[in-house]
Amino acid sequence: MSNSTTEPVQPLSTEQLSATTLLRFATAGSVDDGKSTLVGRLLHDSKSVLTDQLEAVERVSASRGAEAPDLALLTDGLRAEREQGITIDVAYRYFATARRRFILADTPGHVQYTRNMVTGASTADLAVVLVDARNGVIEQTRRHAAVAALLRVPHVVLAVNKMDLVSYEESVFARIAEEFTAYASELGVPEITAIPISALAGDNVVEPSSNMDWYGGPTVLEHLETVPVSHDLTSCHARLPVQYVIRPQTAEHPDYRGYAGQIAAGTFRVGEPVTVLPSGRTSKVAGIDLLGKAVDVAWTPQSITLLLEDDIDISRGDLIVPSGDVPKATQDIEATVCHVADTALAVGQRVLLKHTTRTVKAIVKEIPSRLTLDDLSQHREPGQLVANDIGRVLVRTAEPLALDEYADSRRTGSFLLIDPADGTTLAAGMVGAAFAASADAAVEAEAPADGSDDGWDF
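For clarity, every value in this text was computed on a predicted model and none was experimentally measured.

Definitions and limits used
The residue count restarts for each chain, going from 1 along the sequence in the order it is written. The predicted nature of this model means local features are confined to residues of pLDDT at least 70 and side-chain atom pairs, given and counted, to a pLDDT of 80 or more, with totals for whole chains, interfaces and linings taken over all residues. Hydrogens and waters are ignored; side-chain quantities use all the structure's heavy atoms. Only DSSP runs of H or I covering at least 4 residues are called helices, and only runs of E covering at least 2 are called strands; the numbering of each starts at the N terminus. Buried means the residue's accessible area, taken with a 1.4 Å probe over protein chains only, is under 20% of the maximum for its type, while exposed means over 50%, and partly exposed covers the values in between. The contact rule is simple, with two residues in contact once any of their heavy atoms fall within 4.5 Å. The method behind every accessible area is Shrake-Rupley, applied with a 1.4 Å probe, and residues are considered shielded solely by the protein chains displayed. Only the stretch in contact is used when fitting a helix axis, every axis being a line fitted to C-alpha atoms; angles between N-to-C directions are given from 0 to 180 degrees. Definitions for this section: a left-handed crossing has its near helix turned counterclockwise from the far helix by less than a right angle. A right-handed crossing has that turn clockwise. Put simply, Ala, Val, Leu, Ile, Met, Phe, Trp, Tyr, Cys and Pro go in the nonpolar bin, Asp, Glu, Lys and Arg in the charged bin, and everything else, Gly too, in the polar bin. Whether two strands pair comes down to DSSP finding at least two bridges between them. Any two rings among Phe, Tyr and Trp, with Trp reduced to its six-membered ring, count as a pair given centres within 6.5 Å; such a pair is stacked if its planes are under 30 degrees apart, edge-to-face if over 60, and tilted if neither. We define a salt bridge as a side-chain nitrogen of Lys or Arg found within 4 Å of a carboxyl oxygen belonging to Asp or Glu.

A. Molecular detail of the overall build of the chain. A tally of regular secondary structure across the chain gives 9 helices and 25 strands. Relative to its 458 residues, the chain shows a buried fraction of 50%. Partitioning the contacts of the chain with sequence separation of at least 6, the portion at a separation of at least 24 is 70%. Accessible surface for the chain amounts to roughly 21,100 Å². Of this, 48% is attributable to carbon and sulfur atoms.

B. Focus on the packing of helix α6 (residues 139-150) against helix α7 (residues 170-187). Two elements in contact, α6 and α7, have axes whose closest approach is 9 Å; the angle formed by their N-to-C orientations is 35°. The handedness of the crossing between α6 and α7 is right-handed. Taken together, the residues of α7 that come into contact with α6 (itself represented by T141, R142, A145, A146 and A149) are E179, F180, Y183 and L187. Each residue belonging to the contact of α6 with α7 can be placed in one class, and the counts come to 6 nonpolar, 1 polar and 2 charged.

C. Region of interest: the sheet that holds strand β5 (residues 155-161). With mixed pairing, the 6 strands of this open sheet are ordered in space as β2-β3-β1-β4-β5-β6. Taken across any chain shown, the strands that pair with only one partner, and hence form the sheet edges, are β2 (91-96) and β6 (191-196). Across the sheet, the axes of successive neighbouring strands diverge by a mean angle of 20°, strand direction being ignored. Note that β5 and β6 share 6 bridges and pair parallel. Paired with V156 across the two strands is I192, which belongs to β6. α6 rests against β1 (21-29), β4 (126-132) and β5 of the sheet, and its axis sits at about 175° to β4. Against the sheet, α7 touches β4, β5 and β6, its axis set at about 160° to β6.

D. Geometry of the pairing of strand β25 (residues 425-431). Within β25, 5 of the 7 residues are buried, leaving the element largely enclosed by the surrounding structure. Sheet topology note: the strand β17 (residues 329-339)/β25 ladder contains 5 bridges and is antiparallel. Counted as the bridge partner of T336 is M430 from β25. Of the pairings in the sheet, the one linking strand β24 (residues 414-418) to β25 comprises 5 bridges and is antiparallel in character. Counterpart to S414 in the pairing with β25 is M430. Between β24 and the antiparallel strand that follows it, β25, lie 6 residues; G423 among them carries a positive phi value of about 80°.

E. Representation of the packing of aromatic side chains in the model. One pass over the full model with this rule turns up 5 aromatic pairs. Ring plane angle 90° and centroid distance 6.0 Å describe the contact between F25 and F102, whose orientation is recorded as edge-to-face. With F25 in strand β1 and F102 in strand β3 (residues 100-106), this pair connects stretches of sequence that are 77 residues apart. Accessibility expressed as a relative area gives 1% for F102, which makes it buried. A centroid spacing of 4.8 Å and a plane angle of 20° characterise the contact between F95 and F102, whose relative ring orientation is stacked. The burial state of F95 is the same as that of F102; both residues are buried. By way of ring pairs, the aromatic residues F25, F95 and F102 are connected into one cluster.

F. Inspection of the pattern of salt bridges at higher detail. Following the criterion strictly, the structure yields 12 salt bridges and no others. The residue R99 makes a salt bridge to E225 at a minimum N-O spacing of 3.6 Å. Placement of R99 in the loop between β2 and β3 and of E225 in helix α8 (residues 220-226) is noted, with a sequence separation of 126 residues between them. Across the pair D325 and R239 runs a salt bridge whose closest N-O atoms are separated by 3.6 Å. Of the two residues, D325 sits in the loop between β16 (319-322) and β17 while R239 sits in the loop between α8 and β7 (240-241), which places them 86 residues apart along the sequence. Salt bridges sharing common partners tie together D132, R134 and K162.

Right, dumping it as C-alpha cells:
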C-alpha cells in the first residue's frame, strides 16, 4: 500500500487546456547532477504523477532499501538506465498546470550521449542546464551550453542543484552563476536565469525554499510557467513543404486538387500570391482547407490543404512560399552539423540530404573545422567527424534547394544527412552561422592576427 499523501491528479478541462500556452523545454546536465531527480520532483510536486505511477516507484525504491521514493525512476524508464543510474535515451513527458502546458524532453548527461541532447533540444523553447553545486561548471556543462546556443534555444535556466550539500551557501551559487552566465553570454544565449535548488529536498523546484532566504527569484516551476514564449507568426518566413497531393477525382470532387502539408513557418492567406519551388511557377491561394473546413488564414504548425488558382505540376518535396518572400535556391550548403551516427562522416562521402519533405543526393565537399565545445577552439580540416562531433561542413547537392538561415527558421533552416545504403541518420545540420552574431563577433575579435588555430572563425 502507498504511504504517500499526494492528492490524485486532477486533469485540466478542455477549456482550461485551450486557454493555456505550450512550452517545450529540455533538461541537460552531467552524470549524477540530479537531472532525473529534478524532473521527478517537478512532476511529483506539481501533482502531475498518477497514483499508480507513484506507487510503482515507491515499490521499486523500497525494494532497494530506500527510505523515500526515488523520483528519478519516474523518468528513467529503460532497464539499462535503472540498472546504471543514468539517463541514456531522450524521455518525453507531457504535463500541465493551470497556467501552461508542457512538453519536457529529459536528455542524457553522459558525454557519450551528447547527440541525444541535440534531438531533445532541437525544438525546445527553453533548456534547463543542471550543475552540481559541489563541482561547479565543468566541461560537460560548457558542452551543454554550447549545444543550446548552436540550436538557438532562446531561454536557458541554470539550475544549481544539491545546494543542501554545500550548506545552502549563497557564495557558492553566486560563483557558479557568474561563471556560467559569462560563458553562455559569450556564446550568444539571449537570456540566462540562474536558480539555486535541491531536487532531492524540493528546495525552489515547485515551492520556495526556507533554507535560502537570500534568494528572491522564482522557483523552477514558476519560471517555466511565466517565461515568455514568443511565436510571432507574422514575422516568420511563410513556408509550406508539400507532403501529399490530394486529387480524389470523384463525382463529388471531380476537379479538386489540393496540396497537403504542415506549415513549417509563417502564415498563409486566401488570395495571396505564391511561388512554387524549385520550378518557380507562380499562382494565388484559391482556398485553404483545415480539418475539413474552409478558412481564410492558416499558420504554423497547422496541417492544411492549399488550393491554387492555377493547375501547376506540384509533387511531394516542393515548397510553396509567398511570392514576395522567396528564399534563394542553392546547391552549395554551408552549415554546422552534429554527427549522431557511430560511423564517421568523411570528405568525399556521398549522402542523402533531407530538407523538410524533400530528399536529394549530395556529397560532402569539405569539413573546414571541428569544434571543441569545452573551450570553443577548433581543429582545422579534420577530414571527418565521428559520433558526437560538431563541425562545419560544405555540402554540394545534386539539385538546388531553397533553405533559410537556421537563425531565421529552425524548421526550414535545418536538414538531415542520411546514409544512402541503409537509411541511417548521419548528422543533423543547421544552415548559416554557427552561433549568434554577438558570439561570432566576440570570438573573431579574440582570434590572433596570424590566423592560427584558435577561436571560432571560418
